Amino acid sequence: MAEIIQNLSRMNRMRAAGRATFGDVVYEPGGLCGPRTQQDFQLVALYDGEAHIEIDGDVHALPAQHVALMQPDRSEYFRFAQVRRTHHSWCAVQPALVPDDLRLQLHSAPFCIPLSAHIHGCIELGLTVPPSSLPSATATPAATVAANATPAIGKVGYWSDGE
């Protein structure tokens, strides 16, 4: 089935950097995205509004000021807030960047946790690195996310500002 995107107000920013992709969007009330099969490990940071995300048939609520972990090879369907705009950012990291031992930890990670300044900062870094044709320049944001944000996914305490 083809992916449907409905009521996308604006794509604020998007940056593909090697094997990581960063984005920042706003959906109007009633926005939809999906169904789709997730290809990457993806952090979805929700700032305003809310989302109900169906993953392999189970519905999960993602409230404002929380970050959720999406995992590869799962079917996803996003339904955004019905009465207000929903603003979220994301960082998607190709599975090849995630070490095998961390992948095992991620299977038991919680669906979402409160959004920390650390995770927000990693996503912002990826969104603000200027485009470049140099291989080392596009690898930098991906390496930064792999080294900083991705390990945080498996450790709930690491996600908090108290670290």
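Here the structure is a predicted model, which is why all the values come from computation and not from measurement.

With respect to the packing of aromatic side chains
Per the stated rule, a full pass over the model turns up two aromatic pairs. Here the aromatic rings of Phe78 and Phe80 are separated by 5.9 Å at their centres, their planes lie at 25°, and the arrangement is stacked. Under the relative-accessibility criterion, Phe78 is labelled buried at 4%. For Phe80, a relative accessible area of 4% puts it in the buried group. By the ring-pair criterion, three or more aromatic residues cluster together here, those being Tyr27, Phe78 and Phe80.

Here we look at the side chain of Asp40
Its place among the elements puts Asp40 in the loop between β2 (20–37) and β3 (41–48). Here Asp40 sits buried without a salt bridge, and the closest side chain of opposite charge, Arg36, lies 8.5 Å off (N-O distance).

Quick notes on the confidence of the model for the protein
When the pLDDT values of the protein are averaged, the result is 80; 75% of them are 70 or greater. Taken element by element, the protein is modelled with least confidence in helix α3 (residues 135–153), mean pLDDT 53, and with most confidence in strand β4 (residues 50–55), mean pLDDT 98. With pLDDT under 50 throughout, residues 156–163 is counted as low confidence; its partners more than four residues away or in other chains account for 19 contacts.

Rules behind the numbers
- Residues numbered from 1 in each chain as written.
- Predicted model: local features only at pLDDT ≥ 70, side-chain atom pairs only at ≥ 80, totals over all residues.
- Heavy atoms only, no water.
- Phe/Tyr/Trp six-rings, centres within 6.5 Å; stacked < 30°, edge-to-face > 60°.
- Buried < 20%, exposed > 50% of the residue type's maximum accessible area, 1.4 Å probe, protein only.
- Helix = DSSP H or I, 4+ residues; strand = E, 2+ residues; numbered from the N terminus.
- Lys, Arg positive; Asp, Glu negative; His and termini not counted.
- Salt bridge = Lys/Arg side-chain N within 4 Å of Asp/Glu carboxyl O.
- pLDDT = per-residue confidence, 0-100.
- Contact = heavy atoms within 4.5 Å.

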